[in-house]
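Breakdown of the fold
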Amino acid sequence: MRDQVQQLSSEYIDYLNYDQSLTFVLDLEAYNTSLQGKDILTFCNSALRENHPIHEIISLIFSPTTSLSQHATEAEFATWISDQLASTGIRKSKTFFDVLWTITLLPDRAVIRGIDCSNIESDGFNGVSTQGENPEIVPGQAAILSNSKSDLDESRLEPGISLKSIESTKPLEENWPPKEMCSSSYIAWFRDFDWASTSLGPTHEWPDQLKRLCELMLVNPDPVTVFWGPELILIYNEHYVALAGDKHPQMMGGSAREHWAEIWDQYDSLFDQMILDRQAFKQENTQLHIRRRGFLEEGFFNMRVMPILGRDGSVIGFYEPVSEVTKQVLTERRMHTLLKLSERTSSATALPDIWRLLLEALKDHPSDIHFAELYSLQDEVTSTDKPQYKLHGAVGFKMDHPGLQSALEISDSDRQGLHTALRQAHASNKPAVLSTADGSLSSSFLTKLETVGITEPPRTCIVCPLSCSLDDGIEAMLVIGVNPKRYYNEDYELFVNLLTRQVESTITFVKLFEKEKERLRQQAVFDGELKFKKFAESATVGIFSFDPAGNITFCNESWLELSGHDRNDMSAMSWTNDVHPDSVEDTKKYWDKIVNLEGQQTFEVQYKKPWKPSNLSDDSIYLDRTWVIASAYPEISEEGELTAILGCITDISTWKWVDQLQSQRLKEAIELKRQQENFLDITSHEMRNPLNAILHCAAELVDLLSGIIASTPERALVISDCLDASRTIVYCGRHQKRIIDDVLTLSKLDSNLLSITPVETQPLHVVEEVLKVFDTEIRASNIKTQTKLADSYKNLQIKTLLVDPHRLIQVLINLVANAIKFTKGESLRSLHIVIDAYATEPVSSDSGVRYVPSGRHQVDPTARAEWGTGDIVYLYFSVQDTGPGMTPHEADQLFNRFIQGSPRTHVQYGGSGLGLFISRELAELHGGRIGISSELGFGSTFDFYVKGRRATASASQQIPEDYPRQMIASHKPISRTQSPDQSLPAALPSMNSNVIPENLSSVPVIHVLVVEDNLINQKILAKIIRKQGYAVSIANHGEEALNIVQSSTWHRSPSMENALKLDIVLADIEMPIMDGKEFVRRVRKMQSEGVLASYIPIIAVTGNARNEQVLKAKESGFNEVVSKPYRESDVVSMIENYIKQEHRLEQSTPDES
């Protein structure tokens, strides 16, 4: 119902507002059901709203909060409306408040209209007829209401009005349209029109709705037409006649499709659509080509077409107010043409420029310039010669068309072309008009136009002389073809005159400019030589002039000083003797270009003269030659001959010296950086190898001693001491590993080599992974840990986010390591980790944490394409401990490089002072910040957040090879609370386990080749592999490993009947004799050559941990890279993954034998 009311507003608001009767509309659904919150009164037209007393009464009656008990007349009016709406018979009209009301009932609404009777005299109802019981009242210009019956009686009429005065003995159809509407001759013609000969039939058979629309149309001061019925029969008012032109009166009562056939293809589909959706449409400044004056004429119109609905809701016709705006649009269009012409020609500095720019401007505006020809006056004319105009250009057809006249002569007597008009325009200096109306535009000329491509010949052409106001001399003739879809009237003439004047103003300006330029040139010639000489003698750049033979005709002191030339030798090409041998060839090449008139040349020249800065006494600053930039150009005479070579040279020796110095220092810096990286690589490699052995041996001792202490209670104290010592070794080893990692990370930060890579990550599993690393220390120190998800995190329903898990782990490891280090000596030992998330960037923390001011230029890492377009999420972590806490001064120092809270921190707890500085840098690099809240004696809280995105299909899911796989795309739940007596995944799995993994129980015995030169690491790695039930072969370097591969089942040699079956290779990289990279390259080469029977998975186990080193290892052919010190679980899981892949491949591939 609401849609229907809105449809009424969109389709009929204009129609009802034109109606002079007092009209309002009721929503029947709201009226019958008294729906709460829904208005019964949905519309009041303009006439009702302007009648304030009646409008207030109507608003009062249908207000839901009004009681009508104190308003008798209003209550009676409301009761009458209710009775009429409920009636199934003929509805009656009735007068209330001096207004005669009538109800028209539609399926979903009621239209109630009233005629104000207060100003109607007793003889004013000449248009009333009483046919049976259904009178129709037509006062003045009021719209006819409906054909319902009336229950008028004399008691209800105003004083002075009787039923007799209302009744008429003359039938209504003879008086329609009523004379009271208007006494114009058009109304009389309209009334007398032979409507019976049209498909509408005589007017007394017309529907009342059509009559009322016509009355509204006829009194409208604007052009209006009604389209009625499926044939769209045209009915229009007097003001529409001018728009229709010579189509009137034939089109009255005819079909719109027939009489507007030239434009109907544009509107047929629009009318069909209005019939379907009953929506009005509106057009403004619409261009139409209509035939109303004997030719297809261009016009512009504003129109609104509104569908007329019948009682069943279907479209029965259309009401269209229309106005012609052709004059306004053409004026604006022509002003725009003149403006663009002014803009184009304003840059002209010579007459040929004006002609070219004028034609370019006219070409862009074909609507008013159908075609144009420009004939310029020839300069070589004597007083006795006859003026001749030469075709300079044309618009609307091609210049090279043979039908164009290339020249027009004033004395030519040919009357078949433009010569007559040309002579007239040349003599009077005024435009000459040629028209088909008076025969001055001959058919032969129009035929010529057709031959040059003008398919639609004009009816008018104008020959416009273009003169200069300085001397009234004509410079050119512009022939313009008028738009054939427009007639040449006063407006068109004004446009042509304005265009001509504008061009003539430009001609005058150019002529003045040329005169002024000539005057200035002569003045410059007069002063130029003296000024140039004075300038050249004092210039710091070298200035020279050579003749075409190379003789020096002029040079200043700066040129002699820079080139080192002998001032007594000005002979031909003598200056080439001063050029350094390295530059002679290039100098001669550019000299030849200048001599051959190839334009200005700029090039470097090296002179033999050594260079040393004049303001420095340091003898170490010098060059063995002088460098200059030379710029020279040829001076050409009016005949096109080379007369001189002019130029200058500028000293650039200082720049060359600085460039050489910078190149040298850049090489030194690159070499220093290479040496530093080599040093870090060697140090890292040599430290990671023993650390690997230390950590694994210590972990094995912890496991062994933990089992022995329970079985030998008498030696529990000694074993406990050994156990503590082993745990201390593990702690120190891990601490040493973190220092190595921090140093490498710091090196990358200093070199801006660290990047943030988006990976779809589960934040819960990141925390779990970090806690695994410290599981042994947490257990040993009896620290209670708890992980909590904040409400905001849960509300955002986060499962995975695009973040960089590797950087998150680095920060969390630093924070958790500090928390454990400072908490394990306290009586209350707890570690609390909170995970939270926000849709907007956090500005403060609930725990009172103060974020450290950013130390770097903030760059949004999530703006890159690989992050996708998911929603921004700020992932937040809080690490809270029960350590000793610190003072505010100590907390302020924490996040600086090599700075700890106080000197006692290093003495009591150790550390490098790098961890928190690196954490701060990583958090800010990830678009976040880090902060601290601490109180002495009450522990500390470290908060940080990073910027990420929700994962989308467009986001990059490429996972860096060195990222932990167990936290990515995983759905394993995390324990929310962990205490020392609860089981946690071991950071270093037990070395005593000899259980073969279940998922490989059906696979034959796995054989692993270990390639390692360090005997300790060789032993440890072999032991780890054997614990899993695998067989192990050992090679001390790459060459031994290569021999083993060649003697294994991987090789295709048919003589290897009892060859060793190998499944996977674990190889170090840095080894003597043959390193790991060379070994893997040899193996991959053998595979590509077909020497090996199948693909060999090879994993690098190395102390080379930098990303660049990992990438280079993979480029060499390694499948994976495990950095030392490694975790046993990482190595075992990687072997299992590749063995399972090979096992599936063997099951799916038929035996080749």
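Along each chain, residues carry numbers from 1 onward, in the same order as the chain's sequence is written. Only residues with pLDDT of 70 or above have their local features reported here, since the model is predicted, and side-chain atom pairs are shown and tallied only from 80 upward, although totals for entire chains, interfaces and linings are computed over all residues. To obtain the side-chain values, all non-hydrogen atoms of the structure were included, while hydrogens and water were left out.

An unreviewed UniProt entry lists the protein chain under the name Aerobic respiration control sensor protein arcB, with Microthyrium microscopicum as the source organism.

1. Description of the overall build of the protein chain
Note the threshold: Secondary structure counts use DSSP, requiring at least four H or I residues in a row for a helix and at least two E residues in a row for a strand, with both numbered from the N terminus. To sort residues, take the accessible area from a 1.4 Å probe on protein chains only and compare it with the maximum for the residue type: under 20% means buried, over 50% means exposed, and anything in between is partly exposed. By the convention used here, residues are in contact when the closest approach between their heavy atoms is within 4.5 Å. Surface accessibility in these figures is a Shrake-Rupley result with a 1.4 Å probe; residues are shielded only by whichever protein chains are displayed.
The secondary structure content of the protein chain amounts to 32 helices and 36 strands. When burial is assessed residue by residue, the protein chain has 48% of its 1153 residues classed as buried. Relative to all contacts within the protein chain whose residues are 6 or more apart in sequence, the contacts with residues 24 or more apart total 65%. For the protein chain, the computed accessible surface area is about 56700 Å², with 51% contributed by carbon and sulfur atoms.

2. Topic: the side chain of glutamine 283
Which entries qualify depends on this criterion: Any N or O atom pair separated by 3.5 Å or less is treated as a polar contact, with the protein-specific requirement of one donor-capable and one acceptor-capable atom, and with residues adjacent in sequence counted only for side-chain atom pairs.
Take glutamine 283: it is sitting in strand 9 (residues 281–291). At a separation of 2.8 Å, a polar atom in the side chain of glutamine 283 contacts the side chain of tyrosine 267. Among residues more than four places away in sequence, those in contact with glutamine 283 are Tyr267, Leu270, Phe301, Asn302 and Met303.

3. Some words on the packing of aromatic side chains
Heads up, the rule is: Centres within 6.5 Å are what make two rings of Phe, Tyr or Trp a pair, Trp counting through its six-membered ring; a difference in plane orientation under 30 degrees is then read as stacked, over 60 as edge-to-face, and the rest as tilted. Our definition puts a charge over a ring when NZ of Lys or CZ of Arg is within 6 Å of the ring centre and also within 35 degrees of the ring normal.
Taken as a whole and judged by the stated rule, the model has 35 aromatic pairs. The interplanar angle of 85° and the centroid separation of 5.3 Å between the aromatic rings of tyrosine 851 and tyrosine 945 together place this pair among those described as edge-to-face. In this pair, tyrosine 851 is assigned in strand 27 (residues 850–851) and tyrosine 945 in strand 30 (residues 940–949), connecting sequence segments 94 residues apart. Judged by its relative accessible area of 11%, tyrosine 851 falls in the buried class. Here arginine 486 stacks its cationic end above the ring of tyrosine 487, 5.1 Å away from the centre of that ring.

4. Considerations on the pairing of strand 30
We count it as follows: By definition, two strands form a pair when at least two bridges between them are found by DSSP.
Counted residue by residue, strand 30 has 10 buried out of 10 residues, so it is predominantly covered. In this sheet, strand 30 lies alongside strand 28 (residues 872–881) in antiparallel orientation, the contact comprising 10 bridges. The partner of isoleucine 872 across the bridge, within strand 30, is arginine 949. Pairing geometry for strand 29 (residues 929–934) and strand 30, over six bridges, is antiparallel. Residue pairing for strand 30: glycine 931 is matched across the bridge by aspartate 943. Hairpin connection of strand 29 to strand 30: five residues between the antiparallel strands, including glycine 937 at a positive phi of 90°.

5. Points about the pairing of strand 4 (residues 99–105)
On any regular strand, side chains alternate: one points to one face of the sheet, the next to the other face. Counting buried positions over the seven residues of strand 4 gives six, a clear majority of the element. As defined by bridge partners, strand 3 (residues 92–96) adjoins strand 4 across three bridges and the pair is classed as antiparallel. Paired with phenylalanine 96 across the strands is valine 99, a residue of strand 4. What sits between strand 3 and strand 4 in their antiparallel hairpin is a turn of two residues, with phenylalanine 97 showing a positive phi close to 55°. Pairing between strand 4 and strand 5 (residues 109–116): seven bridges, direction antiparallel.

6. Some details on the pattern of salt bridges
To be explicit about the condition: A carboxyl oxygen of Asp or Glu within 4 Å of a side-chain nitrogen of Lys or Arg is what we treat as a salt bridge.
All chains considered together, the criterion is met by 35 salt bridges. Between aspartate 775 and arginine 779 there is a salt bridge whose closest N-O contact spans 3.0 Å. Of the two residues, aspartate 775 and arginine 779 both sit in helix 22 (residues 775–780), four residues apart, roughly one turn of that helix. On the accessibility criterion, arginine 779 (37% relative accessible area) is partly exposed. The partner of arginine 1081 in a salt bridge is glutamate 1078, and the shortest N-O contact between them spans 3.6 Å.

7. Brief notes about helix 27 (residues 915–925)
With 11 of 11 residues buried, helix 27 lies mostly within the body of the structure. Burial in helix 27 covers these residues: Gly915, Leu916, Phe917, Ile918, Ser919, Arg920, Glu921, Leu922, Ala923, Glu924 and Leu925.

8. Some remarks on the sheet that holds strand 22 (residues 642–651)
Each strand in a sheet pairs with another by means of backbone hydrogen bonds, the pair being arranged parallel or else antiparallel. To be explicit about the condition: Here, axes are lines fitted to C-alpha atoms. For helices the fit covers the stretch in contact, and angles between N-to-C directions go from 0 to 180 degrees.
If you trace the five strands from one edge of the open sheet to the other, you get 19-18-22-21-20, paired in antiparallel fashion. Only two strands of the sheet have a single partner each, and these edge strands are strand 19 (552–555) and strand 20 (601–607). Neighbouring strand axes in the sheet, compared pairwise and without regard to direction, differ in orientation by 25° on average. Where strand 18 (residues 542–546) lies against strand 22, five bridges are found, and the strand directions are antiparallel. Note on strand 22: the bridge partner recorded for phenylalanine 544 is glycine 647. Here helix 18 (residues 581–595) sits on the sheet and contacts strand 18, strand 20, strand 21 (626–636) and strand 22; the angle it forms with strand 20, its principal contact strand, is near 150°.

9. What to know about the confidence of the model for the protein chain
The condition is simple: What pLDDT reports is the predictor's confidence in each residue, on a scale of 0 through 100.
Here the protein chain averages 78 in pLDDT, while 77% of its residues score no lower than 70. Taken together, the stretch residues 1–7 has pLDDT below 50 and engages in 13 contacts with residues farther than four places along the chain or on a different chain. Scored below 50 in pLDDT, residues 120–173 shows 109 contacts in the model against residues more than four places distant or in partner chains.

10. Re the side chain of histidine 259
The residue histidine 259 is located in helix 10 (residues 256–259) in this model. In this structure histidine 259 comes out as buried when scored by relative accessible area, which is 16%. Residues within four places of histidine 259 in sequence aside, it is in contact with Leu234, Lys247, Gln250, Met251 and Gly254.

11. Focus on helix 24 (residues 805–823)
Three or four residues apart is the spacing at which side chains of an α-helix point the same way, because the helix has 3.6 residues per turn. To keep things clear, this is the line we draw: Helix span, as expected, comes to 1.5 Å for every residue beyond the first.
The terminal C-alpha atoms of helix 24 lie 26 Å apart, and with 19 residues this matches the ideal 27 Å at 1.5 Å per residue to within 8%. In this structure aspartate 804 caps helix 24, since a side-chain oxygen of it lies 3.2 Å from the backbone nitrogen of histidine 806.

12. As for the environment of leucine 808
In this structure, leucine 808 sits in helix 24. Among the residues examined, leucine 808 registers a relative accessible area of 1% and is labelled buried. Ignoring anything within four residues of it in the chain, the contact list for leucine 808 reads Val766, Val803, Leu875, Phe877, Phe944 and Val946.

13. Some details on unusual backbone geometry
With an omega of 5°, the peptide bond between histidine 248 and proline 249 qualifies as cis. Mapped onto the elements of the fold, proline 249 is located in the loop between helix 9 (241–244) and helix 10. Phi is positive for asparagine 782, which is not a glycine, with a value near 55°. Here asparagine 782 lies in the loop between helix 22 and strand 24 (784–789). On the basis of relative accessibility, which here comes to 42%, the residue asparagine 782 falls in the partly exposed class.

14. A few points about the nonpolar core
Here is the rule we go by: Joining through side-chain atoms within 4.5 Å is the link that ties buried Ala, Val, Leu, Ile, Met, Phe, Trp, Tyr and Cys residues into a set, and such a set is a nonpolar core.
One finds Phe190, Met217, Ile235, Trp260, Phe271 and Tyr319 to be the most contacted residues of the largest nonpolar core, which totals 48 residues. The contact partners of tryptophan 260, leaving out residues within four places of it in the chain, are Leu234, Tyr240, Leu243, Ala244, Lys247, Met251 and Ile290.

15. A closer look at the packing of helix 4 (residues 52–61) against helix 5 (residues 72–86)
Quick reminder of the rule: Angle categories: roughly parallel below 35 degrees, roughly antiparallel above 145, roughly perpendicular from 65 to 115, and oblique for all the rest. Two helices crossing with the near one rotated counterclockwise from the far one by less than a right angle form a left-handed crossing, whereas a clockwise rotation gives a right-handed crossing. Gly falls in the polar group here, along with every residue not listed as nonpolar (Ala, Val, Leu, Ile, Met, Phe, Trp, Tyr, Cys, Pro) or charged (Asp, Glu, Lys, Arg).
Axis separation between helix 4 and helix 5 bottoms out at 10 Å; the angle between their running directions is 65°. Classified by the interaxial angle, the pair formed by helix 4 and helix 5 is roughly perpendicular. Between helix 4 and helix 5 the crossing geometry is right-handed. Counting all contacts with helix 4, which are made through Ile57, Ile58 and Ile61, the residues of helix 5 involved are Glu74, Phe77 and Ala78. Residues belonging to the contact of helix 4 with helix 5 are distributed by class as follows: five nonpolar, no polar and one charged.

16. With respect to the sheet that holds strand 33 (residues 1031–1035)
Pairing is parallel across the open sheet formed by five strands, whose spatial order is 33-32-34-35-36. Taken across any chain shown, the strands that pair with only one partner, and hence form the sheet edges, are strand 33 and strand 36 (1120–1123). Here the strands of the sheet are splayed against their neighbours by 20° on average, with no regard to which way each runs. Pairing of strand 34 (residues 1064–1067) with strand 35 (residues 1098–1102) involves three bridges; the strand directions are parallel. From the neighbouring strand, valine 1065 faces strand 35, where its bridge partner is isoleucine 1098. Along the sheet, helix 28 (residues 1015–1027) contacts strand 32 (1007–1011), strand 33 and strand 34; its crossing angle with strand 33, the most-contacted strand, is approximately 165°.

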